[in-house]
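# Commentary on secondary and tertiary structure
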Amino acid sequence: MRYGIISDIHSNLSALEAVLTLARRGEVEEYVCLGDIVGYGASPNECCEIVRDLPVTVICGNHDVAAIQPGREIWFTPAARACILWTREVLTDENRDFLAALSPRANVAGAAMCHGSLPDPDFYTTTPEEALLSLRMMEGPLAFFGHTHFAEWFCHGGEILVPEEATRPQGGVCTLEVGYQYLLNPGAVGQPRDGNHQASFAIWDTEARTVEILRLDYNIAEAQRRIYAAGLPENMALRLTLGI
Ligand code: ZN
């Protein structure tokens, strides 16, 4: 089975469309979405509707929860808060119900799926020591996470006391060796922050035992045009060009 692993779409329709076009050509059979479909960007309803129509397992991210639970936005930066308040206003009832039904965790073909970390969906996993918190909770050899918007993976096993970290802002292939544990982040579809402005996602091939992180160009100008038209904070548009 070939799974497309997508995360942190953040209402960026142009990026989502580009990723799905390429993933389809790569014969992805099913998808997993690691949360944050909405927030920051200007196309929350379109992105929810596209994800709902995929053959997909979806978990919720902190922005998805904040979009439907008033009060959660107090933890956000002022700009992120402005975006989530706008999102809450424009979401359709169907999409609100869709987000409300999502769980914070899932298991797909033996792999654990979470937004930020296995112990806490809101936790940012950025270092090998922080990766250990999830690795210790894993029942199998493989887990995926998002939330940081960085494409990378952590490998743990054997005599290694701390996980080895491999950042992959230009993409790359992780081969899943027997006897090791892997914690992988496919990067962000809609708002990469690892210095590469290209949309990021991964393809997990269960037979080949590989996870490939792919980066690709998308129509950033269109995503920015929508952000300006919606009256969202300018920084949400500017950062897309920089990949931060
Ligand atoms: Zn996010």
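This text goes with the structure placed above it.
Now for a description of the structure that goes with this document. Since we're looking at a predicted model, the values are computed, not measured. (Residues numbered from 1 in each chain as written. Predicted model: local features only at pLDDT ≥ 70, side-chain atom pairs only at ≥ 80, totals over all residues. Heavy atoms only, no water.)

## Some thoughts on the overall build of the protein chain
As a reminder, the rule being used: In this description a helix means any DSSP run of H or I spanning at least four residues, a strand means any run of E spanning at least two, and both kinds are numbered starting from the N terminus. To get the radius of gyration, use the C-alpha atoms; to get the globule rule, take the number of residues to the power 0.38 and multiply by 2.2 Å. Buried residues are those whose accessible area, probed at 1.4 Å on protein chains only, stays under 20% of the maximum for their type, while exposed residues exceed 50% and partly exposed ones sit between those limits. Should any heavy atoms of two residues lie within 4.5 Å, those residues are counted as being in contact. Throughout, the Shrake-Rupley method with a 1.4 Å probe supplies accessible areas, and for residues the shown protein chains are the sole cover considered. Think of it this way: Lys and Arg go in the positive column, Asp and Glu in the negative one, and His and the chain ends go nowhere. The atoms used to mark charge sites are NZ of Lys, CZ of Arg, CG of Asp and CD of Glu.
Across its full length, the protein chain carries 8 helices and 12 strands. At 17 Å, the protein chain has a C-alpha radius of gyration in line with the 18 Å of a compact globule built from 244 residues. For the protein chain, the spread of C-alpha atoms along the principal axes amounts to about 55 × 35 × 30 Å. For the protein chain, buried positions account for 57% of its 244 residues. A sequence separation of at least 24 residues applies to 70% of the contacts in the protein chain between residues at least 6 apart. When the accessible surface of the protein chain is summed, it comes to about 10300 Å², and 52% of that surface belongs to carbon and sulfur atoms. With 17 positive and 32 negative side-chain charges, the protein chain shows a separation of 3 Å between the mean positions of the two kinds.

## Things to note about the environment of Leu54
Positionally, Leu54 belongs in the loop between helix H2 (44–52) and strand E3 (56–58). Separated by 144 residues in the primary sequence, Leu54 and Gln198 place their C-alpha atoms 22 Å from one another. Aside from chain neighbours lying at most four places away, what touches Leu54 is Ile6, Leu20 and Tyr31.

## Notes on the nonpolar core
The criterion, for reference: Take the buried residues of types Ala, Val, Leu, Ile, Met, Phe, Trp, Tyr and Cys, join any two whose side-chain atoms come within 4.5 Å, and each joined set is a nonpolar core.
Among the nonpolar cores identified, the biggest contains 48 residues, and Ile6, Ile9, Ile37, Phe98, Leu99, Phe201 and Tyr218 are the most heavily contacted of them. In terms of residues, this core owes the most to one element, helix H1 (residues 13–25), which gives 7 residues. In this structure, Ile6 is in contact with Leu16, Val19, Tyr31, Val32, Cys33, Leu34, Leu54, Val189 and Phe201, ignoring residues within four places of it in sequence.

## Notes on the pattern of salt bridges
What counts here: A side-chain nitrogen of Lys or Arg and a carboxyl oxygen of Asp or Glu constitute a salt bridge if their distance falls within 4 Å.
Scanning the entire structure with this criterion turns up 7 salt bridges. Note that Arg96 is salt-bridged to Asp93, the shortest N-O span being 3.0 Å. One end of the pair is Arg96 and the other is Asp93, both in helix H5 (residues 93–100) and 3 residues apart, which spans about a single turn. You can call Arg96 partly exposed: its relative accessible area is 27%. Note on Asp93: relative accessible area 51%, which makes it exposed. A salt bridge links Glu222 to Arg226; its shortest N-O distance comes to 3.1 Å. Taken together, the residues span about one helical turn, with Glu222 and Arg226 both in helix H7 (residues 220–230) at a distance of 4 residues.

## As for the packing of H2 against H5
Note the cut-off: To obtain each axis, a line is fitted to C-alpha atoms, and for helices this fit is confined to the stretch in contact; angles are then taken between N-to-C directions over 0 to 180 degrees. Here is the rule for angles: anything less than 35 degrees is roughly parallel, anything more than 145 is roughly antiparallel, 65 through 115 is roughly perpendicular, and the remaining ranges are oblique. Should the near helix be turned counterclockwise from the far one by less than a right angle, the crossing is left-handed, whereas a clockwise turn marks it as right-handed.
Interaxial distance between H2 and H5 falls to 10 Å at its minimum, and their mutual angle equals 60°. It follows from the interaxial angle that H2 and H5 lie oblique. For the element pair H2 and H5, the recorded crossing hand is left-handed. Residues Asn45, Cys48, Glu49, Val51 and Arg52 of H2 touch H5, and the partners they reach there are Glu94, Asn95, Phe98 and Leu99.

## Some thoughts on the coordination of the zinc ion
To keep it simple, the criterion reads: Counted as donors are the N, O and S atoms within 2.8 Å of the metal, or 3.2 Å for Na, K and Ca, while water is not among the atoms, so some sites may look incomplete. Metal sites are grouped by the angles between bound donors: all angles between 85 and 135 degrees with four donors is tetrahedral, opposite donors over 155 degrees apart with the others between 65 and 115 is square planar for four donors and octahedral for six, and any other pattern is irregular.
Here the zinc ion is held by Asp8 (OD), His10 (NE2), Asp36 (OD) and His149 (NE2), and the distances to it run 2.1 to 2.4 Å. Of note is the zinc ion, whose 4 donor atoms meet at the metal with angles of 88 to 175° in an arrangement that counts as irregular. Assessed through its relative accessible area of 1%, Asp36 is described here as buried.

## Some words on the side chain of Asp36
So the rule is basically this: N or O atoms within 3.5 Å of each other form a polar contact, as long as, within protein, one can give a hydrogen and the other can take it, and as long as residues adjacent in sequence are counted only when both atoms are side-chain atoms.
Positionally, Asp36 belongs in the loop between strand E2 (30–33) and H2. Put simply, Asp36 is tucked away with no salt bridge, and the nearest opposite charge, on Arg193, sits 6.8 Å away. At 3.1 Å, the side chain of Asp36 and the backbone nitrogen of Asn62 are in polar contact. Setting aside residues up to four positions removed in sequence, Asp36 forms contacts with Asp8, Ile9, His10, Gly61, Asn62, His63, Asp64 and His115.

## Focus on the environment of Ile227
As for its placement among the helices and strands, Ile227 is situated in helix H7. Sequence spacing of Ile227 and Leu99 is 128 residues, and the spatial spacing of their C-alpha atoms is 22 Å. What Ile227 contacts, discounting residues up to four positions off in sequence, is Gly41, Ala42, Leu232, Pro233, Met236, Ala237 and Leu240.

Interpretation in functional terms is not warranted from these geometric data alone.
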